[in-house]
Amino acid sequence: MRKATEVEGGVGVSHTQNDTESSNSLGGNLRSRVTFSGPLTGPSSNPPSAPHSTSHSGPLSSPISGPIIRRAHHTNSSAVHGGDDDDLVEITLDVHDDGVSIHEIRGGDQETALLASQLERNRPSRLASRLRQVSAGLRRVASVGTVSGKFDRVDRSKSTAARALKGLQFISRNVGKGGGGGDGWGEIERRFEEGMVEGRLPRAKFGQCIGMKEKEFACELFDALARRRGITVGSVSKDELREFWNQISDPSFDARLMTFFDMVDKNADGRITEEEVIEIISLSASANKLSKIQENAEEYAALIMEELDPDGLGYIELYNLETLLLQAPNQSTNMVTDSRKLSQLLSQKLVPTKDRNPIKRSWRKLNYFVQDHWKRIWVILLWLGICVGLFTWKFIQYKNRDVFHIMGYCVSTAKGAAEMLKFNMALILLPVCRNTITWLRTRTKLGMAVPFDDNINFHKVVAAGIAVGVGLHAIPHLTCDFPRLLHTSNSSYVSMEKFFGHTRPDDYWWFVKGTEGWTGITMVVLMAIAYVLAQPWFRRNRLNNLPKPLKRLTGFNAFWYSHHLFVIVYALLLVHGYFLYLSKKWYHKTTWMYLCVPVLLYACERLIRAFRSGYKKVQILKVAVYPGNVLALQMSKPQGFKYSSGQYIFVNCVDVSPFEWHPFSLTSAPGDDYVSVHIRTLGDWTSQLKALFSKVCQPPAVDQSGLLRADMAGIQRMPRMPRIKIDGPYGAPAQDYKNYDVLLLVGLGIGATPLISIVKDVLNNIKQQKVVERGTPDNGTSKRKPFNVKRAYFYWVTREQGSFDWFKSVMDEVAENDCDHVIELHNYCTSVYEEGDARSALITMLQSLQHAKNGVDVVSGTRVKSHFARPNWRAVFKRVAINHTNQRVGVFYCGAPGLVGELRHFSQDFSRKTSTKFDFHKENF
């Protein structure tokens, strides 16, 4: 005999007493029979409760494994309240010791049968657990089918569902690659075996098991999955973990939506209150390292409630989240272009093809290499040719002299290397003559053939050539020439008397203590010190295991001061080149001939720098200390100080060190009436500079950004500012941006500084064009040379949310003035999980609401909408190539060296396979 409890407008749950069926039909294993009944659609606004039942307003729909959202037609009142039995569904389950089976289904359709099969699929270990699970599922189902009309307004087409599905990806792509099937369960099972305790996986190890790094977020996901299944203990068995894994890896939109809803709905009542929204916002912000969103969680929760709860009920339901997901705009960087056919053709061209013929393949690679590096190649070949020519000339010259019969090829090798050394010691000064190089690249056309961007790299190459020359000169002298002379016969020594005197040297020490000997050895020691401390391991303090006394000998200061030993080296080189054993006539002593012009040029450079920095004293106008250890200085513009965007200056602070000068890119534009730099504190000098300026700063006002600020214009009693001197400007790769119609600017972190100057210059040009169009006087600025840049794409990738404060005003200014969309800004915050990850799903929803309502991005705090994770650089280059066919694009990158290879590869690849040519320039960072 079965007795079911039915609730009007809801779903009832009742236990059935059936002793006869239990013993006869089911063999005595039936422990209980549970009946679920309720309408398919048409909830009541206030569902009554009944004893021994669980009621809710909503349809009967997938209480266990995710919603089966029905597009049911509206039913009339009588049907909802039981007037029509066809609209009611009753499911009777038999609960056994080892599982659940379906006893009877009354009403419903194929969808109801699917629901029942999902109930039967999961096998509970305990009856109470199963009942709690089913009861919670029925309560949640209320929000799934509140009113069918609400769902009719939501677009659930394939494209929108796919977009929303991407926004609820719970498992990243790198999880579960360890084998064991396509769903990755094999890897999860292996981790379960490693982390289980007494056959169960603790809650604390759940994130590690499924490959989710954020422990707090993983624990919340565990709790949501456990609540749905009525699990109250803080651990799961392998079978329960398999159920968890099946749900979170389920690719269907409804399953992912329900999982996300469960995480927010902490009390499992099918409704999300504002307090629960605040909690999940804080959790998502914490997982994505967005401290500002976490601080303003209550404000953003109120925004969500205002948008999704217009009636002021105090809660939102599942369909609200579905509506928001399906209607949210796509955030992808792969923006739609009008030319789809061109995009497809371009994709086909970019597919790598392999030539089976190794000779043709090698020839093609060589051809590409020459095309990309022809400037460097001819300079290096010319340098090598000169070195080899000088070595050969001196080698042959000494081979034909009398000394060759005693010292042999050793003396020829040493003298050939000496000639090469003199040339390189003169040449190494030219790449560091910054004023000369800046003048040549700015005022001449030599930049078309000479790679001025590689001046520091060429300086290093010449230094390596000097090291080789020192070895070829010193080793033969010390190990071959001198011992041979000491052991030669008296008759053979006669021809050497005019060089070494009538008395033959009696020991090795005679050569070492002589002027030629001690000057040579001293130079080698000093050059070795400078060479070693200039290596990246020492210069950038990468050797962390050194003792403290040795640690002080590393870093930029050690590199800077050791390099100034060159003054002593060049003085000794002149002495060493004058007191020669085998050359007595002055015109044979050619060292001074090699060095005179480069040394004089470099000396003038240093005098110009000292003189210029002396009269180019600046006043501090504004100071700001930003998150991420960044100090921004805005200084007065010295009279006659002209520069181009992308250039850099040297900054000296006498209060920190009167001798240290450090280079920083200009972040102001040429049209600005001030000079500004942004300095990242990475070493001793920058840390001391920031500490000095922090003392004169105050907390910012409400409408100001940054942690500390000081505005001299608004202070009556000006504090004593640290004294700053500048030297420059100097040329840099980014200054060549004016040669291109289209720019692709890529900055990583603080590497955005030279590119921001370019963006501001393009923006100032836009403003000037508006002034000209209005016909108002512009003080002669309209007479400037035509501005070539017609389009600029700026991609700024940074790790920290606070970094966007550095250039917040620039971003807002571009958004306000660039009506023609000449500048396209893309901000990327890599601390936020990629679009399509559940850990950032709520941030994406919040971002869409905030930007649509207030026009401000929740991540950057600017009018520019931020993207998450890292850009797809291939998609970026592809889009630029499609939009600008048959044009030359200047790609300018400044940042860490890790991205240089990838950007250079895409520039070369797209240049070869498309009609768009990409010229890649990188800033030394």
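Counting restarts for each chain, with residues numbered from 1 along the sequence as it is written. It should be noted that, the model being predicted, local features are given only for residues of pLDDT at least 70 and side-chain atom pairs only at 80 or more, the latter also being counted only at that level, while totals for whole chains, interfaces and linings use all residues. The side-chain quantities take in all heavy atoms of the structure and omit both hydrogens and water.

As a further point, take the nonpolar core. Nonpolar side chains tend toward joint burial in soluble globular proteins. By nonpolar core is meant a set of buried Ala, Val, Leu, Ile, Met, Phe, Trp, Tyr and Cys residues that side-chain atoms within 4.5 Å join together. Burial classes follow relative accessibility: with a 1.4 Å probe on protein chains only, a residue under 20% of its type's maximum area counts as buried, one over 50% as exposed, and anything between as partly exposed. Grouped together as the largest cluster of nonpolar side chains are 89 residues, with contacts concentrated most on Phe206, Leu241, Ile281, Ile293, Leu743, Phe794 and Val859. Setting aside chain neighbours within four positions, we find isoleucine 293 in contact with Ile281, Ala285, Tyr300, Gln801, Ile843, Leu846, Val858 and Val859. Membership of the second largest hydrophobic core comes to 28 residues, among which are Ile620, Val625, Leu631 and Met635. Throughout, a residue-residue contact means that at least one pair of heavy atoms, one from each residue, lies within 4.5 Å.

This part is about unusual backbone geometry. The residue after glycine 728, namely proline 729, is reached through a cis peptide bond having omega 5°. Here proline 729 is to be found in strand β15 (residues 724-730). With a phi angle near 55°, glutamate 198 is a residue other than glycine that sits in the positive phi range. Per the convention used, a helix needs a DSSP run of H or I reaching at least four residues, while a strand needs a run of E reaching at least two, with both numbered from the N terminus. Within the fold, glutamate 198 resides in the loop between α7 (185-195) and β5 (201-202). According to the relative accessible area criterion, glutamate 198 is exposed, its value standing at 79%. In this structure, alanine 869 takes a positive phi of about 65° despite not being glycine.

On to the packing of helix α35 (residues 873-883) against helix α36 (residues 900-913), then. Direction vectors running N to C along α35 and α36 enclose 35°, while the axes themselves pass 10 Å from each other. Crossing geometry of α35 relative to α36 is assigned as right-handed. Contact residues: α35 offers Trp873, Arg874, Phe877, Lys878 and Ala881, while α36 offers Glu902, Leu903, Phe906, Ser907, Asp909 and Phe910. Partitioning the contact of α35 with α36 into residue classes produces six nonpolar, one polar and four charged. To define axes, lines are fitted to C-alpha atoms, for helices over the stretch in contact only, and angles between the resulting N-to-C directions are given on a 0 to 180 degree scale. Crossing handedness follows the turn of the near helix against the far one: under a right angle anticlockwise gives a left-handed crossing, and clockwise gives a right-handed one. Put simply, Ala, Val, Leu, Ile, Met, Phe, Trp, Tyr, Cys and Pro go in the nonpolar bin, Asp, Glu, Lys and Arg in the charged bin, and everything else, Gly too, in the polar bin.

This next bit is on the pairing of strand β20 (residues 888-894). Burial analysis of β20 places six of its seven residues in the buried class, the great majority of the element. Strand pairing follows a simple DSSP-based rule, namely that at least 2 bridges must link the two strands. Relative to β20, strand β16 (residues 742-748) runs parallel, the two sharing six bridges. Paired with glycine 747 across the bridge in β20 is cysteine 894. As paired elements, β20 and strand β21 (residues 917-923) share seven bridges and run parallel to each other. The partner of tyrosine 893 across the bridge, within β21, is lysine 922.

A cluster of nonpolar side chains, namely Trp363, Leu366, Phe369, Val370, Trp374, Trp378, Leu382 and Ile386, defines an oily patch on the protein surface of about 810 Å² accessible area. Within the fold, tryptophan 374 resides in helix α17 (residues 358-399). In this structure tryptophan 374 comes out as partly exposed when scored by relative accessible area, which is 42%. Patches here: salt-bridge-free residues with over 30% relative accessible area, like charges joined within 9 Å, nonpolar side chains (Val, Leu, Ile, Met, Phe, Trp, Tyr) joined within 5 Å. Under the convention used here, a 1.4 Å probe and the Shrake-Rupley method define accessible areas, while residue burial counts only the protein chains that appear. Whenever a carboxyl oxygen of Asp or Glu lies within 4 Å of a side-chain nitrogen of Lys or Arg, that contact is scored as a salt bridge.

Further remarks concern the pairing of strand β10 (residues 630-636). Buried residues dominate β10, accounting for seven of its seven residues. Here strand β9 (residues 620-626) runs beside β10; their pairing, made up of six bridges, is antiparallel. Looking at β10, one finds that valine 623 is bridged to leucine 633. In this structure, the hairpin formed by β9 and β10 is closed by a connection of three residues, where glycine 628 is found at a positive phi of approximately 85°. Note: β10 against strand β13 (residues 674-680), seven bridges, orientation antiparallel. Within the sheet, the bridge partner assigned to valine 630 lies in β13 and is arginine 680.

What follows is about the sheet that holds β10. A sheet is described by the order of its strands in space; here four strands give the open sequence β13-β10-β9-β14, paired in antiparallel fashion. In this open sheet, the two edge strands, each paired with only one partner strand, are β13 and β14 (708-711). Adjacent strand axes in the sheet meet at a mean angle of 10° when their direction is disregarded.

The next thing to look at is the side chain of arginine 609. Of note, arginine 609 is situated in helix α30 (residues 591-615). Non-local contacts of arginine 609, meaning those with residues more than four positions away in its chain, are made with Val432, Arg434, Asn435, Tyr602, Asp727 and Tyr730.

We now examine the pattern of salt bridges. When the charged atoms of two side chains lie near each other, side chains of opposite charge can form a pair. Enumeration over the complete set of coordinates arrives at 22 salt bridges. For aspartate 454, the salt bridge is made with arginine 376, and the minimal N-O distance between the two is 2.7 Å. Of the two residues, aspartate 454 is situated in the loop between α20 (434-443) and α21 (455-486) and arginine 376 in helix α17; the sequence distance between them amounts to 78 residues. Exposure remark for arginine 376: the relative accessible area of 33% places this residue in the partly exposed category. With its nearest N and O atoms 2.6 Å apart, the salt bridge here joins arginine 441 to aspartate 453. Of the two residues, arginine 441 sits in helix α20 while aspartate 453 sits in the loop between α20 and α21, which places them twelve residues apart along the sequence. Summarising the burial analysis for this pair, arginine 441 and aspartate 453 share the class buried. Through salt bridges with shared partners, one network takes in Glu187, Arg190, Arg191 and Glu194.

It is worth spelling out the state of the cysteines at this point. In plain terms, two cysteine sulfur atoms within 2.5 Å form what is called a disulfide here. By the definition in use, this model includes one disulfide. Looking at cysteine 604, it has no disulfide partner, and the nearest cysteine sulfur is the one in cysteine 433, 9.4 Å off.

Note on placement: glutamine 371 falls in helix α17. Put simply, glutamine 371 and glutamine 908 are 537 residues apart on the chain and 9.4 Å apart in space, counted from C-alpha to C-alpha.

Turning next to helix α28 (residues 556-563). Among all positions of α28, only Ala558, Phe559, Trp560 and Ser562 are buried. On its buried face, α28 is in contact with α25 (515-533) and α26 (536-539).

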